[in-house]
Amino acid sequence: MSSIRVRMFASLRERWQIDQVELKPEGIATVADVWRSLTGEAMTDQVLAAVNMEYARPETPVREGDEVAFFPPVTGG
Amino acid sequence: MAVKLVHGSFDPWRWLLDHQETRLSPGSYGATASFVGTMRDFNEGDRVEELFLEHYPGMTERELEKIVAEARDQWRFLDALIVHRVGEIRPGEPIVLVAVWSAHRGPAFDACRWIMEALKHRAPFWKKERRDGGTRWVARNTDGYDGY
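Residues numbered from 1 in each chain as written. Chains lettered and ligands numbered in written order. Predicted model: local features only at pLDDT ≥ 70, side-chain atom pairs only at ≥ 80, totals over all residues.

As for the overall build of chain B
Scanning chain B from N- to C-terminus turns up 3 helices and 9 strands. Counting from the amino terminus, chain B carries its helices and strands in the arrangement β-α-β-β-β-β-α-β-β-α-β-β. Its C-alpha atoms give chain B a radius of gyration of 16 Å, near enough to 15 Å, the size a compact globule of 148 residues would have. Structurally, chain B occupies a C-alpha span of about 55 × 30 × 30 Å along its principal axes. Across chain B, the fraction of contacts at a sequence separation of at least 24, relative to all contacts at a separation of at least 6, is 78%. (Helix = DSSP H or I, 4+ residues; strand = E, 2+ residues; numbered from the N terminus. Rg over C-alpha atoms; globule rule 2.2 N^0.38 Å. Contact = placed C-beta atoms within 7 Å.)

Describing the sheet that holds strand 1 (residues 4-8) of chain A
All names here are of chain A. Strand order in the open sheet made by the 5 strands is 2-1-5-3-4, with mixed pairing throughout. Of all the strands in the sheet, just strand 2 (20-23) and strand 4 (54-56) have a single pairing partner and so form its edges. For this sheet the average axis-to-axis angle between neighbouring strands, irrespective of direction, equals 30°. The pairing of strand 3 (residues 48-51) with strand 4 spans 3 bridges and is classified as antiparallel. Within the sheet, the bridge partner assigned to Val 51 lies in strand 4 and is Glu 54. (Pairing = 2+ DSSP bridges. Axes fitted to C-alpha atoms, helices over the stretch in contact; angles between N-to-C directions.)

Things to note about the interface of chain A and chain B
Interfaces are often sized by the amount of accessible area the parts lose when they come together. If you look at the interface, chain A gives 13 residues, while chain B gives 22 residues. When contributions to the side of chain A that touches chain B are tallied by element, the ones reaching two or more residues are helix 1 (10-16) and strand 5 (67-71) of chain A. Taken together, the residues that form the side of chain A that touches chain B break down as 9 nonpolar, 4 polar and no charged. (Nonpolar A, V, L, I, M, F, W, Y, C, P; charged D, E, K, R; others polar.)

Remarks on the nonpolar core
Of all hydrophobic cores here, the largest spans 53 residues; its most connected members are A:Val68, A:Phe71, B:Ala80, B:Val98, B:Val100 and B:Ile115. Ranked by the residues each element gives to this core, the list is headed by strand 7 (residues 94-102) of chain B, at 7 residues. Ignoring any residue separated from it by four or fewer positions in sequence, one finds B:Val98 in contact with B:Ser34, B:Phe35, B:Ile82, B:Cys112, B:Ile115 and B:Met116. (Core = buried A, V, L, I, M, F, W, Y, C linked by C-beta atoms within 7 Å. Buried ≥ 20, exposed ≤ 12 C-beta atoms within 10 Å, placed from the backbone.)

Structural notes on the environment of A:Gly65
Residue and element names in this part refer to chain A. Looking at the secondary structure, you find Gly 65 in the loop between strand 4 and strand 5. Note on Gly 65: 12 C-beta atoms within 10 Å, which makes it exposed. For the pair Gly 65 and Ile 4, spaced 61 residues apart in sequence, the C-alpha separation works out to 5.3 Å.

And the structure:
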């Protein structure tokens with residue numbers, strides 16, 4: 001049975017010491033659930049998310065096999 | 001349309017010219033607008049010695065391609081090129097190039113500006129600065145229109 005792959009970038013990766021992790025999908029329905037299961041916290045506006053490399057919201061559904069990423073506000077250019 | 005991420009120093013003007021010579025036919029375009037972002041040696045009052053630019057391989061390219069596609073929905077232009085650095089960057093080195101070719105100047109100017117602002121707001125890149133006292137992540141980008 002496949003799992004959910006979670007990735008963190010930049011300051012969030014350093015803060016939570018998570019680069020990539022596989023999560024069992026039980027009890028996880030949304031992006032916010034993924035974040036809470038890893039950090040024990042609610043998402044704030046300083047935490048952005050993507051599902052399968054598309055921007056997502058806390059309420060975006062997550063299914064097994066998905067890649068969910070968390071990152072801080074972007075600062076490119 | 002082309003989106004490229006490059007490791008190591010790059011010459012934006014050579015990229016622009018190479019793209020123009022290989023992808024556009026002479027006489028087809030009457031306007032070329034370009035923006036080049038270059039690394040400063042100061043930020044928020046501190047001297048910055050080096051930047052590290054992190055990205056999300058796969059999503060970054062996709063988001064840049066989406067930005068170009070959305071610009072095409074809004075303006076009629078012939079071609080666009082985005083080149084963006086990743087990895088270590090030193091002061092004085094270019095970070096980003098956006099170039100747009102169109103028949104007339106309006107779409108080239110407008111799409112170039114819009115693409116650059118969208119990149120700043122949406123493309124997954126994160127800057128970490130190295131200064132005297134260590135390193136820090138840049139918290140947010142400056143407002144592109146603060147001089148207006």
